[in-house]
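Here's the letter readout for the chains.
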Amino acid sequence: MEELQPPAHLKSRRQKEIWRKQQLDNLKARKKAHETQTPFRIAERNLQSSLPTPDQPPIVDFVNLDNNTRENRDKIQEVELHYDLHRLCPLFGESDQECPARKQKAYIHTDIDGLIFIPNPFTAAAQRKLVYNCLHNYTQSPNLSNLDAHYDIPTPGVWNLHVTNQKSNNEDSNVDSICRKESPKRQKTDNGYQNSDLVNATDQKSRPDNQNESRKSSNSALKPSELVKKLRWVTLGYQYNWTTKVYDFDNPVEFPSEAGNLSVAVAKAAEGLGYKVNDEYRWQNTYRGEDFIPEAGIVNYYQLKDTLMAHVDRSELNMEAPLISISLGHDCIYLIGGPTRNTTPTAIRLRSGDVMVMTGNARSAYHGVPKILPSAPTFLQPDIKDAQVDDWELYGEFISKARINLNIRQVNKCE
Ligand SMILES: O=C(O)CCC(=O)C(=O)O
Ligand SMILES: [Fe+2]
């Protein structure tokens, strides 16, 4: 091993020796920690490494099938959706030149029981409309966001305050900076820090969240344009309490109809799909699409360096119903494993518009987002002219540097 070079400010031989010993001890501790890491954590670490390591897991690409390793290609199967999604829900958009006629195709991977992947079924204009909804509509009260724990956000929500400011030429009529709340005393819970901090005890986040922000205790005030960069999630429908890990059934919030309609259409089109061997199903999505009731959701807003650590979404009373997840903006690598972190996960590339349906075992599998990729779609750039979305330029500025994930769940069992 190369001799470690102490920093120049350490002059004496003794200081240099101590420094070298510390470095070696740190190295040994890191190595030891790595040895005890779960396969899920190892995959996260390898995917996050800035150096190409030989241990990088291959990335499953359901869109460009030729991009797969031979082994993965053999494990990908095409399945037919029951409907053209646009027929079920016009919000997927009418096929146009920008987005040629959709194929009613979906894909499964034989290592991932219960996951159904639908390559982007949206037109470009429909994606822009959904970005608009995720920023303009879903960030408004009574939906809660990660910012509410730290700031007193006025009712229109941080995004709309930002838009108002950007559109006003007059500094005086600008919405003022928003003050930070007094920091509540930090309390530890059994598995990490208190919800309002949304920082996991490990170096990764339980939600996409800005760690430094969460740890700051200053009372600084921020402009809406600065705060929108700190927006990490909002909750839709039944609001979720991240501390108690239960939904707030006492104050139900109506689920937004557009996101709800999209999810019901997906649940209907994916009904009955599964993995067949010799005419027999190994697994099948038997949940009836018409029984799917969208009751809760999360919109995750990822800046390019954000990650979402491995977790299982298990707070819903109905774990038989599929969870429907839509990606917008930058591509990402998504990891999905099994019932514990000890199952080696599969890495999947998700692009803007892609839809995943988590059913059966996949519904209760560990999953996470270890990496956002630098790949903004051209049709979401700020200079696109879109007469359907007011002030698209501002929306385009946000999404061309971010990824949004909208996921939708049924919470209660069917009557
Ligand atoms: O961003 C994603 O694709 C996954 C989000 C997720 O797993 C969640 O919000 O529970
Ligand atoms: Fe999740």
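Residues numbered from 1 in each chain as written. Chains lettered and ligands numbered in written order. Predicted model: local features only at pLDDT ≥ 70, side-chain atom pairs only at ≥ 80, totals over all residues. Heavy atoms only, no water.

Asks: Would you take a moment to explain the nonpolar core for this structure?
Replies: Generally speaking, soluble globular proteins have nonpolar side chains that are buried together. Within the largest apolar cluster, 64 residues are counted, with the highest numbers of intra-cluster contacts made by V299, Y395, I404 and L406. Counting the residues that make up this core, at least three belong to each of domain 2 (39-135 + 236-409) and domain 3 (146-231). Filtering out sequence-adjacent residues up to four positions away, V299 remains in contact with C134, Y138, R232, W233, V234, L236, I404, N405 and L406. In terms of nonpolar packing, the next biggest core, distinct from the first, is built from 22 residues, V60, L65, L308 and M356 among them. (Core = buried A, V, L, I, M, F, W, Y, C linked by side-chain atoms within 4.5 Å. Buried < 20%, exposed > 50% of the residue type's maximum accessible area, 1.4 Å probe, protein only. Domains from an automatic or database assignment. Contact = heavy atoms within 4.5 Å.)

Asks: Looking at this structure, I do not really get empty space enclosed by the protein. What am I missing?
Replies: Remark: the empty space left among the atoms is shown by a probe the size of a water molecule rolled over them. Here the structure, examined in full by the defined rule, presents three cavities of 30 Å³ or more. In this structure, the largest cavity spans a volume of roughly 190 Å³. At the level of elements, β14 (296-303), β15 (308-311), β16 (323-329), α10 (360-363), β20 (367-372) and β21 (402-409) are the ones that each hand at least two residues to the lining of the largest cavity. In terms of residue count, β21 provides more of the lining of the largest cavity than any other element does, four residues in total. Within the lining of the largest cavity, the residues separate by chemical class into eight nonpolar, seven polar and five charged. Here the second largest cavity defines a volume of roughly 50 Å³. L91, F122, A126, K129, L130, N133, E258 and L262 together form the lining of the second largest cavity. It is helix α5 (residues 124-137) that contributes the most residues to the lining of the second largest cavity, four residues altogether. Here the lining of the second largest cavity is composed, by residue class, of five nonpolar, one polar and two charged. (1 Å grid on protein atoms, 1.4 Å probe; cavity = no way out; pocket = protein on both sides within 12 Å on 5 of 7 lines; lining within 4 Å. Points joined across faces, edges and corners; volume = space filled by probe spheres on them. Helix = DSSP H or I, 4+ residues; strand = E, 2+ residues; numbered from the N terminus. Nonpolar A, V, L, I, M, F, W, Y, C, P; charged D, E, K, R; others polar.)

Asks: So what exactly am I meant to see when it comes to the coordination of the iron ion (ligand 2) here?
Replies: Geometry sets the ideal angles at a metal, namely 109.5 degrees for four tetrahedral donors and 90 or 180 degrees for six octahedral donors. Only H311 (NE2), D313 (OD) and H367 (NE2) from the protein reach the iron ion (ligand 2) as donors, at distances of 2.1 to 2.2 Å. Counting gaps between the donor residues of the iron ion (ligand 2) yields the pattern H-x1-D-x53-H. Here D313 is found in the loop between β15 and β16, whereas its partner H367 is found in strand β20, with 54 residues between them in sequence. (Donors = N, O, S within 2.8 Å, 3.2 Å for Na, K, Ca; no water.)

Asks: Which parts of the structure should I look at to understand the pattern of salt bridges?
Replies: Pairs can form between side chains of opposite charge once their charged atoms are near each other. Within this structure, the stated rule accounts for 19 salt bridges. The partner of K21 in a salt bridge is D25, and the shortest N-O contact between them spans 3.0 Å. Of this pair, K21 and D25 both sit in helix α1 (residues 13-35), four residues apart, which is roughly one turn of that helix. Between R70 and D74 there is a salt bridge, and its shortest N-O distance comes to 4.0 Å. Separated by four residues within a single helix, R70 and D74 lie in helix α3 (residues 70-75), roughly one turn from each other. The two residues R70 and D74 agree in class, both being exposed. Within the structure, one salt-bridge network assembled from shared partners comprises D313, E316, R363 and R409. (Salt bridge = Lys/Arg side-chain N within 4 Å of Asp/Glu carboxyl O.)

Asks: Explain the sheet that holds β20 here, please?
Replies: Hydrogen bonds between backbone atoms are what pair the strands of a sheet, whose relative direction is either parallel or antiparallel. Strand order in the open sheet formed by five strands is β1-β18-β17-β20-β15, and the pairing between neighbours is mixed. At either margin of the open sheet sits one strand with a lone partner, and together these are β1 (59-60) and β15. By the bridge criterion, four bridges tie strand β17 (residues 332-336) to β20 in an arrangement that is antiparallel. The partner of I336 across the bridge, within β20, is H367. Contacting β1, β15, β17, β18 (346-350) and β20, helix α2 (residues 39-48) crosses the sheet at an angle of about 10° to β20. (Pairing = 2+ DSSP bridges. Axes fitted to C-alpha atoms, helices over the stretch in contact; angles between N-to-C directions.)

Asks: Is there a simple way to think about unusual backbone geometry in this case?
Replies: Residues other than glycine predominantly adopt negative phi, and peptide bonds predominantly adopt the trans conformation. Here S141 and P142 are connected by a cis peptide whose omega angle stands at 10°. Despite not being glycine, N278 shows a phi value in the positive range, around 50°. Tracing the backbone through its elements, the reader meets N278 in the loop between β12 (274-277) and β13 (280-284). Phi is positive for D391, close to 55°, though the residue is something other than glycine. Structurally, D391 can be placed in the loop between β20 and α11 (392-399).

Asks: Would you mind going over the packing of aromatic side chains with me for this structure?
Replies: The description of an aromatic ring pair uses the distance of the two centres, along with the angle that the planes make with each other. Within this structure, the stated rule accounts for 13 aromatic pairs. An aromatic cluster of three or more residues is present, and its members are Y132, W159, Y301, W392, Y395 and F398. (Phe/Tyr/Trp six-rings, centres within 6.5 Å; stacked < 30°, edge-to-face > 60°.)

Asks: Would you explain helix α9 (residues 257-269) in this entry?
Replies: Since the α-helix turns once every 3.6 residues, residues separated by three or four places project in the same direction. Across its 13 residues, α9 extends 18 Å between first and last C-alpha, which sits within 8% of the 18 Å expected from 1.5 Å per residue. Looking only at α9, the buried set comprises A259, G260, L262, S263, V264, A265, V266, A267 and A269. Packed against the buried residues of α9 are α4 (85-88), β4 (115-118), α5, β16, β19 (355-358) and β21. (Expected span 1.5 Å × (residues − 1).)

Asks: What is the right way to look at the UniProt feature "binding site: Fe cation" (unreviewed entry) in the chain in this model?
Replies: Mapped onto this numbering, the UniProt entry annotates "binding site: Fe cation" (unreviewed entry) at H311, D313 and H367. The greatest C-alpha distance among the annotated residues, which extend across 57 residues, is 9.0 Å, indicating that they converge on a single site. Among the annotated residues just listed, those lining the largest cavity are H311, D313 and H367. Positionally, H311 belongs in strand β15. Polar contacts involving the side chain of H311 include one to the main-chain carbonyl oxygen of M309, which spans 3.0 Å. For D313, a relative accessible area of 9% puts it in the buried group. (UniProt positions renumbered as here; feature names shortened; annotations may be inferred. Polar contact = N/O pair within 3.5 Å; in protein donor to acceptor, adjacent residues only side chain to side chain.)

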